[in-house]
Amino acid sequence: MRLTQEQREILKGSKGETMAKVMKTLVMYGDTFGADKLVPITSEYNHLVTSFGLKMMTPVFDLMQRLIDDGAVSGQKFTVDPRPMDKAVPANLLQKMIFKFFMYSKQGDYEEQLKKLGLLGDSAFTCACYLDQVGNRPKQGDILSWAESSAEVYANSVLGARCNRNSGIMDIMGSIAGFVPYFGLLTDEGRKAKWIIKVQTTKQPEAQLLGSAIGMKVMEDVPYITGMKKWLGTELTDAVCAYLKDFGAATASNGAVGLYHMEELTPEAKEQGAALIQENCKVYVIDDAELERVKKNYPIMWKRKNRKPELCFVGCPHMSLQQLKNWTLRVERGLQDAGRKKVCIPTVFTAAPGVIRAFSDTEYAQRLEATGVILSYICPLMYMNNPLCGSMRVITSSNKLRTYTSARYYTEDEILTKITKGGKAK
Ligand code: F3S
């Protein structure tokens, strides 16, 4: 790898032994992927994936402390993934004890470390850090050192920033050094599509189901998606961005997509069009039957498959303000149709602390509360990491949550029916 004079000096120890190790880690990481140089990070803020003080992560806490003690901290402030616990989310006494004393017992200490490393404040805990109410929104062309897959695919695809699918800890290393290895999605060549996806459905496809189908087919390749103009148009409105947020999270978790282009919609597809497609690329046609096939093949991990769900999560990735308002109206209407006042399955909507604050200033907040839906800043995946919660019958409209846990996936309309009208899982 060709290093600049400054980078070579840091590697030799000009900024101390710990900083030299940080640089060495980045060089080794880059070498592994054939990078020929390190390039400067240009975003204003970073985003970290490790938000949780999981007891077994002692080496991470030790590493963080070493970085802090040796002054190897980044000038770059950061947001971080959602907190793993929230008293508002239903849990029995035993589950709460396991969270507090066995799983996330280091949460307080870890958050103190994050503050010393540059946490943007108490509101910084969310995976949807690019929303207006959070403010960590990179510009087109910015070079990032992020690792949260749902945020990274959004930044690359919808914002036109450049970021590889880094692992946790590598995100911190890049941010501290101020450089990342130049390879993959940072390069023009790496951003070219190896797949054309032809969407030929008769109605707007469910974002998280379409993302799942594409992710499972293309895995880590870049897809160029056509056929969505009639459903999404050509402008990145709030509603379209929310759709792309959920869609992208499913491509990134059901496969390993770090970047997608959507014809006439996402910034690079608008600028470069079909020039983004590599020669001899593969083609995947998605119609109604294909989406149905994908959905039917999801494994059902519940022990008692036909029993009533015990909990419902909506908002993975975290919901936007507009999504919260829309869901409030949908739940109200659903309950009215069913002749009920409250949801019949304990239901948690999750959103960033800043979005929750903005939502509480609207008339919708009391209306949602009246339906019995709980609003939380938690990460549902962290909640289900607790073995006692993981064995619960959880339903969700998140294909990311389905992939990593035993939660059962339903489309948004199906979720609405279940929480407002009840009934067993089918
Ligand atoms: Fe966000 Fe946690 Fe889901 S980080 S995407 S709410 S798994």
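In this text the structure is predicted, and so the values were computed from the model without any measurement.

Let's talk about the nonpolar core
Counting 69 residues, the largest nonpolar core has I197, L210, I225, L244, F247, V331 and F349 as the members making the most contacts within it. Those residues within four positions of L244 in sequence are excluded, and the remaining contacts are V158, L232, L236, Y260, M262, L265 and T266. Formed by 56 residues, the second largest nonpolar core is a distinct cluster that contains M23, L114, M382 and C389.

Focus: the site of the ligand
Lining the immediate environment of the ligand, one finds D81, P82, C127, E148, S150, C316, P317, C379, P380, L381 and K400. Broken down by secondary-structure element, the contributors of at least two residues to the shell around the ligand are strand 9 (311–319) and helix 16 (380–384). Both domains that furnish three or more residues to the shell around the ligand are identified here as domain 1 (5–186) and domain 3 (311–421).

Observations concerning the domain arrangement of the protein chain
Taken domain by domain, the protein chain holds domain 1 (5–186), domain 2 (189–296) and domain 3 (311–421). A C-alpha centroid distance of 27 Å is found between domain 1 and domain 2. Contacts between domain 1 and domain 2 engage 18 residues on the former and 20 residues on the latter. Carbon and sulfur atoms make up 57% of the area that domain 1 and domain 2 hide from each other, which totals about 1400 Å². The tally of links between domain 1 and domain 2 comes to 0 salt bridges.

Notes on the pattern of salt bridges
One pass over the structure, following the stated rule, counts 23 salt bridges. Where D36 meets R2, a salt bridge forms, and the shortest distance between an N and an O atom there is 3.3 Å. Placement of the pair is D36 in the loop between helix 2 (17–32) and strand 1 (38–40) and R2 in the segment before helix 1 (5–12), with a sequence separation of 34 residues. On the basis of relative accessibility, which here comes to 36%, the residue D36 falls in the partly exposed class. A salt bridge links E189 to K192; the shortest N-O distance between them is 3.7 Å.

Observations regarding the sheet that holds strand 7 (residues 261–262)
Pairing within the open sheet is parallel, and its 4 strands lie in the order 7-6-5-8. Single-partner strands in this sheet number two, and they are strand 7 and strand 8 (277–286). Summarising the sheet, strand 6 (residues 223–226) and strand 7 pair through 2 bridges and their orientation is parallel. Residue pairing in the sheet places Y224 in a bridge with H261 of strand 7.

Reading the values: rules and limits
Residues numbered from 1 in each chain as written. Predicted model: local features only at pLDDT ≥ 70, side-chain atom pairs only at ≥ 80, totals over all residues. Heavy atoms only, no water. Core = buried A, V, L, I, M, F, W, Y, C linked by side-chain atoms within 4.5 Å. Buried < 20%, exposed > 50% of the residue type's maximum accessible area, 1.4 Å probe, protein only. Contact = heavy atoms within 4.5 Å. Near = heavy atom within 4 Å. Helix = DSSP H or I, 4+ residues; strand = E, 2+ residues; numbered from the N terminus. Domains from an automatic or database assignment. Buried area = accessible area lost by both parts, 1.4 Å probe. Salt bridge = Lys/Arg side-chain N within 4 Å of Asp/Glu carboxyl O. Pairing = 2+ DSSP bridges.

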